[in-house]
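In case you want the letters, here they are:
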Amino acid sequence: MIEKRPFSSLGHADHGWLNARHHFSFANYYDPARMGWGSLRVWNDDEIAAQSGFPPHPHQDMEIITYVRQGAITHEDSMGNKGRTEAGDVQVMSAGKGVRHSEYNLEDEETRIFQIWIETAERGADPSWGAKPFPKADRSGRFVTLASGFEEDADALRILTPARVMGATLKAGESIDYEVGEGRHAYMVPATGKLVANDVELDARDGAAISGGTTVTLTALEESEIVLVDAA
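Quick summary incoming for the structure in this document.

What counts, and at which threshold
Residues numbered from 1 in each chain as written. Predicted model: local features only at pLDDT ≥ 70, side-chain atom pairs only at ≥ 80, totals over all residues. Heavy atoms only, no water. Salt bridge = Lys/Arg side-chain N within 4 Å of Asp/Glu carboxyl O. Helix = DSSP H or I, 4+ residues; strand = E, 2+ residues; numbered from the N terminus. Buried < 20%, exposed > 50% of the residue type's maximum accessible area, 1.4 Å probe, protein only. Phe/Tyr/Trp six-rings, centres within 6.5 Å; stacked < 30°, edge-to-face > 60°. Lys NZ or Arg CZ within 6 Å of the ring centre and 35° of its normal. Pairing = 2+ DSSP bridges. Polar contact = N/O pair within 3.5 Å; in protein donor to acceptor, adjacent residues only side chain to side chain. Contact = heavy atoms within 4.5 Å. Core = buried A, V, L, I, M, F, W, Y, C linked by side-chain atoms within 4.5 Å.

### Digging into the pattern of salt bridges
If you walk through the whole model with that rule in mind, you get 20 salt bridges. The partner of Arg 69 in a salt bridge is Asp 45, with the nearest N and O atoms 2.9 Å apart. With Arg 69 in strand β6 (residues 62–70) and Asp 45 in strand β4 (residues 40–48), this residue pair connects regions lying 24 residues apart in the sequence. Taking relative accessible area as the criterion, Arg 69 reaches 12% and is therefore assigned buried. Here Arg 123 ties to Asp 61 by a salt bridge, and the two come within 3.5 Å at their closest N and O atoms. Here Arg 123, found in the loop between β11 (111–119) and β12 (128–132), pairs with Asp 61, found in the loop between β5 (52–59) and β6; they are 62 residues apart in sequence, far enough to count as distant.

Right, here's the structure in full:
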(Lines give C-alpha, C1' and ligand atoms only; values in the text may rest on other atoms or scores of the structure.)
Protein backbone atom coordinates (compact mmCIF):
# COMPACT_ATOMS: atom_id res chain seq x y z
CA MET A 1 0.00 0.00 0.00
CA ILE A 2 1.22 3.50 -0.91
CA GLU A 3 -0.34 6.60 0.64
CA LYS A 4 0.44 9.80 -1.24
CA ARG A 5 0.93 12.94 0.84
CA PRO A 6 0.87 15.87 -1.59
CA PHE A 7 3.23 18.76 -0.95
CA SER A 8 0.21 21.09 -0.73
CA SER A 9 -1.15 19.06 2.22
CA LEU A 10 1.98 19.32 4.38
CA GLY A 11 2.25 21.43 7.49
CA HIS A 12 3.67 24.89 6.81
CA ALA A 13 5.51 27.49 8.84
CA ASP A 14 7.04 30.64 7.34
CA HIS A 15 9.37 32.42 9.77
CA GLY A 16 10.85 34.76 7.18
CA TRP A 17 14.37 33.35 7.38
CA LEU A 18 12.94 29.80 7.36
CA ASN A 19 10.19 28.48 5.10
CA ALA A 20 9.40 24.98 6.36
CA ARG A 21 7.09 22.20 5.28
CA HIS A 22 6.40 19.33 7.68
CA HIS A 23 5.55 15.82 6.49
CA PHE A 24 4.74 14.88 10.11
CA SER A 25 3.47 16.77 13.15
CA PHE A 26 6.17 19.19 14.28
CA ALA A 27 6.31 22.35 16.40
CA ASN A 28 3.01 24.21 15.90
CA TYR A 29 1.79 21.81 13.19
CA TYR A 30 -0.28 18.99 14.67
CA ASP A 31 -2.13 16.29 12.76
CA PRO A 32 -3.02 13.15 14.76
CA ALA A 33 -2.96 11.15 11.53
CA ARG A 34 0.62 12.24 10.82
CA MET A 35 2.53 11.68 14.05
CA GLY A 36 5.19 9.57 12.37
CA TRP A 37 5.68 6.46 10.29
CA GLY A 38 7.14 3.62 12.31
CA SER A 39 10.22 4.98 14.05
CA LEU A 40 10.42 7.89 11.56
CA ARG A 41 9.25 10.97 13.47
CA VAL A 42 10.24 14.07 11.45
CA TRP A 43 10.73 14.88 7.78
CA ASN A 44 11.06 18.63 7.35
CA ASP A 45 11.51 20.32 3.97
CA ASP A 46 13.39 23.49 4.93
CA GLU A 47 14.31 26.54 2.86
CA ILE A 48 16.82 28.64 4.82
CA ALA A 49 17.55 32.19 3.73
CA ALA A 50 21.14 33.29 3.08
CA GLN A 51 23.18 34.23 6.15
CA SER A 52 20.68 32.82 8.62
CA GLY A 53 19.91 29.58 10.42
CA PHE A 54 19.20 27.72 13.63
CA PRO A 55 21.05 29.07 16.72
CA PRO A 56 22.39 26.61 19.33
CA HIS A 57 19.67 24.30 20.67
CA PRO A 58 19.59 20.88 22.39
CA HIS A 59 18.65 17.37 21.24
CA GLN A 60 18.55 14.03 23.01
CA ASP A 61 18.00 10.39 21.98
CA MET A 62 17.27 10.99 18.30
CA GLU A 63 19.04 10.18 15.03
CA ILE A 64 19.05 13.39 12.95
CA ILE A 65 19.95 13.16 9.25
CA THR A 66 20.35 16.25 7.07
CA TYR A 67 20.21 15.84 3.29
CA VAL A 68 21.36 19.02 1.55
CA ARG A 69 19.49 19.70 -1.70
CA GLN A 70 20.80 23.18 -2.56
CA GLY A 71 23.48 25.41 -1.11
CA ALA A 72 25.27 24.29 2.05
CA ILE A 73 24.73 24.00 5.79
CA THR A 74 27.39 24.75 8.41
CA HIS A 75 27.22 22.72 11.63
CA GLU A 76 28.82 23.36 15.03
CA ASP A 77 28.14 21.41 18.22
CA SER A 78 29.00 21.07 21.91
CA MET A 79 31.27 18.09 21.10
CA GLY A 80 33.63 20.43 19.25
CA ASN A 81 32.63 19.33 15.76
CA LYS A 82 32.48 21.85 12.93
CA GLY A 83 31.63 21.12 9.32
CA ARG A 84 30.11 22.45 6.11
CA THR A 85 27.91 20.05 4.14
CA GLU A 86 27.19 20.88 0.50
CA ALA A 87 24.34 20.02 -1.87
CA GLY A 88 24.10 16.30 -2.55
CA ASP A 89 25.95 15.43 0.66
CA VAL A 90 24.65 14.17 3.98
CA GLN A 91 25.35 14.80 7.66
CA VAL A 92 24.24 12.67 10.61
CA MET A 93 24.03 13.54 14.30
CA SER A 94 23.25 10.92 16.92
CA ALA A 95 22.01 13.09 19.77
CA GLY A 96 22.50 10.33 22.34
CA LYS A 97 22.43 11.42 25.98
CA GLY A 98 22.43 15.06 24.94
CA VAL A 99 24.07 17.56 22.61
CA ARG A 100 23.70 21.19 21.61
CA HIS A 101 24.27 22.29 18.02
CA SER A 102 23.71 25.09 15.56
CA GLU A 103 23.08 24.93 11.82
CA TYR A 104 23.57 28.01 9.70
CA ASN A 105 23.34 28.85 6.04
CA LEU A 106 26.47 30.99 5.72
CA GLU A 107 26.16 31.09 1.93
CA ASP A 108 24.99 33.98 -0.24
CA GLU A 109 22.08 31.93 -1.59
CA GLU A 110 19.14 30.06 -0.15
CA THR A 111 19.89 26.59 1.23
CA ARG A 112 17.36 23.79 0.93
CA ILE A 113 17.51 20.68 3.08
CA PHE A 114 15.53 17.66 4.13
CA GLN A 115 15.92 17.12 7.87
CA ILE A 116 14.92 13.64 8.98
CA TRP A 117 14.59 12.42 12.57
CA ILE A 118 14.40 8.73 13.43
CA GLU A 119 13.88 7.38 16.95
CA THR A 120 17.07 5.87 18.31
CA ALA A 121 17.34 2.25 19.43
CA GLU A 122 20.22 3.07 21.81
CA ARG A 123 18.99 5.59 24.36
CA GLY A 124 21.63 7.33 26.43
CA ALA A 125 24.48 6.64 23.99
CA ASP A 126 27.40 9.02 23.55
CA PRO A 127 26.49 11.68 20.98
CA SER A 128 28.31 11.77 17.64
CA TRP A 129 28.36 13.66 14.34
CA GLY A 130 29.61 12.89 10.85
CA ALA A 131 29.26 14.04 7.25
CA LYS A 132 30.10 12.51 3.90
CA PRO A 133 29.83 13.33 0.18
CA PHE A 134 27.65 11.04 -1.92
CA PRO A 135 28.18 11.85 -5.64
CA LYS A 136 24.90 11.75 -7.52
CA ALA A 137 26.56 9.89 -10.39
CA ASP A 138 27.11 6.93 -8.06
CA ARG A 139 23.36 6.79 -7.40
CA SER A 140 22.32 6.80 -11.06
CA GLY A 141 19.68 4.14 -11.65
CA ARG A 142 20.03 2.58 -8.19
CA PHE A 143 19.58 3.20 -4.50
CA VAL A 144 22.70 3.96 -2.47
CA THR A 145 22.58 3.77 1.32
CA LEU A 146 23.52 7.15 2.81
CA ALA A 147 23.00 6.45 6.53
CA SER A 148 22.38 3.12 8.21
CA GLY A 149 22.12 1.29 11.49
CA PHE A 150 23.12 -2.01 9.86
CA GLU A 151 26.72 -3.25 10.10
CA GLU A 152 26.76 -4.50 6.50
CA ASP A 153 26.36 -0.95 5.17
CA ALA A 154 29.99 -0.12 5.78
CA ASP A 155 30.12 2.82 3.34
CA ALA A 156 27.14 4.63 4.91
CA LEU A 157 27.12 7.13 7.75
CA ARG A 158 26.36 5.35 11.03
CA ILE A 159 23.09 5.77 12.94
CA LEU A 160 22.03 3.96 16.11
CA THR A 161 18.74 2.48 14.95
CA PRO A 162 17.71 -0.31 12.52
CA ALA A 163 16.93 2.01 9.60
CA ARG A 164 18.39 3.09 6.29
CA VAL A 165 18.33 6.47 4.55
CA MET A 166 18.80 5.93 0.82
CA GLY A 167 19.16 8.05 -2.30
CA ALA A 168 18.79 7.43 -6.01
CA THR A 169 18.70 9.41 -9.25
CA LEU A 170 16.66 8.31 -12.26
CA LYS A 171 16.70 9.59 -15.81
CA ALA A 172 13.36 10.05 -17.54
CA GLY A 173 12.01 6.61 -18.47
CA GLU A 174 14.26 4.70 -16.05
CA SER A 175 12.77 2.33 -13.47
CA ILE A 176 13.97 0.67 -10.28
CA ASP A 177 12.27 -1.69 -7.83
CA TYR A 178 12.34 -1.49 -4.04
CA GLU A 179 10.98 -4.11 -1.67
CA VAL A 180 9.74 -3.00 1.75
CA GLY A 181 10.02 -5.91 4.18
CA GLU A 182 7.17 -7.14 6.34
CA GLY A 183 6.82 -5.01 9.46
CA ARG A 184 8.91 -2.18 7.99
CA HIS A 185 7.85 1.39 7.17
CA ALA A 186 9.23 3.20 4.13
CA TYR A 187 8.76 6.88 3.37
CA MET A 188 9.88 8.42 0.10
CA VAL A 189 10.13 11.95 -1.27
CA PRO A 190 11.28 12.99 -4.76
CA ALA A 191 13.57 15.96 -4.09
CA THR A 192 13.25 16.89 -7.77
CA GLY A 193 11.42 15.59 -10.81
CA LYS A 194 8.28 13.51 -11.21
CA LEU A 195 7.76 9.76 -10.99
CA VAL A 196 5.22 6.98 -10.67
CA ALA A 197 5.39 4.60 -7.71
CA ASN A 198 3.39 1.60 -8.91
CA ASP A 199 0.23 3.49 -9.96
CA VAL A 200 0.74 6.54 -7.73
CA GLU A 201 2.09 9.68 -9.42
CA LEU A 202 4.41 11.82 -7.29
CA ASP A 203 5.61 15.33 -8.01
CA ALA A 204 8.72 16.87 -6.50
CA ARG A 205 8.44 17.18 -2.69
CA ASP A 206 5.33 15.00 -2.40
CA GLY A 207 5.60 12.29 0.24
CA ALA A 208 4.71 8.61 -0.06
CA ALA A 209 4.16 6.36 2.98
CA ILE A 210 4.76 2.74 1.92
CA SER A 211 3.57 -0.15 4.06
CA GLY A 212 5.64 -3.22 4.82
CA GLY A 213 5.26 -6.16 2.46
CA THR A 214 5.04 -3.86 -0.57
CA THR A 215 7.27 -4.00 -3.65
CA VAL A 216 7.43 -0.60 -5.35
CA THR A 217 8.38 0.00 -8.96
CA LEU A 218 9.57 3.58 -9.43
CA THR A 219 9.47 4.96 -12.97
CA ALA A 220 10.74 8.47 -13.63
CA LEU A 221 8.54 10.67 -15.80
CA GLU A 222 11.24 13.35 -15.57
CA GLU A 223 14.81 13.24 -14.34
CA SER A 224 14.31 12.66 -10.60
CA GLU A 225 16.28 12.68 -7.37
CA ILE A 226 14.78 10.42 -4.68
CA VAL A 227 15.30 10.11 -0.93
CA LEU A 228 13.84 7.10 0.90
CA VAL A 229 13.83 6.05 4.56
CA ASP A 230 13.26 2.39 5.46
CA ALA A 231 12.62 2.15 9.21
CA ALA A 232 11.23 -0.27 11.78
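### Describing the packing of aromatic side chains
Going through the model one piece at a time under the given rule, you end up with 7 aromatic pairs. Ring centres of Phe 143 and Tyr 178 lie 5.5 Å apart, and the angle between their planes is 70 degrees; on these two criteria the pair is classed as edge-to-face. With Phe 143 in the loop between β12 and β13 (144–148) and Tyr 178 in strand β16 (residues 175–180), this pair connects stretches of sequence that are 35 residues apart. Put simply, the rings of Phe 24, Trp 43, Tyr 67, Phe 114 and Tyr 187 pair up and form one aromatic cluster. Over the ring of Phe 114 we find Arg 69; its NZ or CZ atom is 4.4 Å from the centre of that ring.

### Remarks on unusual backbone geometry
Of note in the backbone geometry, Ala 27 takes a positive phi value of approximately 55 degrees without being a glycine. Along the chain, Ala 27 falls in the loop between β3 (18–22) and β4. Not every positive phi belongs to a glycine, and Gln 51 is a case in point at roughly 55 degrees. With respect to the element layout, Gln 51 can be found in the loop between β4 and β5. Taking the relative accessible area as the measure of exposure, Gln 51 reaches 49% and is therefore partly exposed.

### Remarks on the pairing of strand β15 (residues 164–170)
Regular strands show a simple pattern: their side chains alternate between the two faces of the sheet. Within β15, 6 of the 7 residues are buried, leaving the element largely enclosed by the surrounding structure. Pairing between β13 and β15: 4 bridges, direction antiparallel. Along β15, the bridge assignment pairs Val 144 with Gly 167.

### Digging into the side chain of Thr 66
Relative to the assigned elements, Thr 66 resides in strand β6. Polar side-chain contacts of Thr 66 include one of 3.4 Å to the side chain of Gln 115. Here Thr 66 is in contact with Ile 73, Asp 89, Val 90, Gln 91, Glu 103, Ile 113, Phe 114 and Gln 115, once residues within four sequence places are set aside.

### Description of the nonpolar core
Of all hydrophobic cores here, the largest spans 26 residues; its most connected members are Trp 43, Ile 65 and Ile 118. For this core, the secondary structure elements donating two or more residues are β4, β6, β9 (90–94), β11, β13, β17 (185–192) and β22 (224–231). Every residue in contact with Ile 65, bar those within four places of it in the chain, is listed here: Val 90, Gln 91, Val 92, Phe 114, Gln 115, Ile 116, Ile 118, Ala 147, Ile 159 and Val 165. Formed by 21 residues, the second largest nonpolar core is a distinct cluster that contains Phe 143, Met 166, Leu 202 and Ala 208.

### What to know about the environment of Asp 14
Looking at the element boundaries, Asp 14 is found in strand β2 (residues 11–14). Since its relative accessible area comes to 55%, Asp 14 is described here as exposed. Expressed as a C-alpha distance, the spacing of Asp 14 and Leu 40, which sit 26 residues apart in the sequence, is 23 Å. For Asp 14, the side chain forms a polar contact with the main-chain nitrogen of Gly 16, separated by 2.9 Å.

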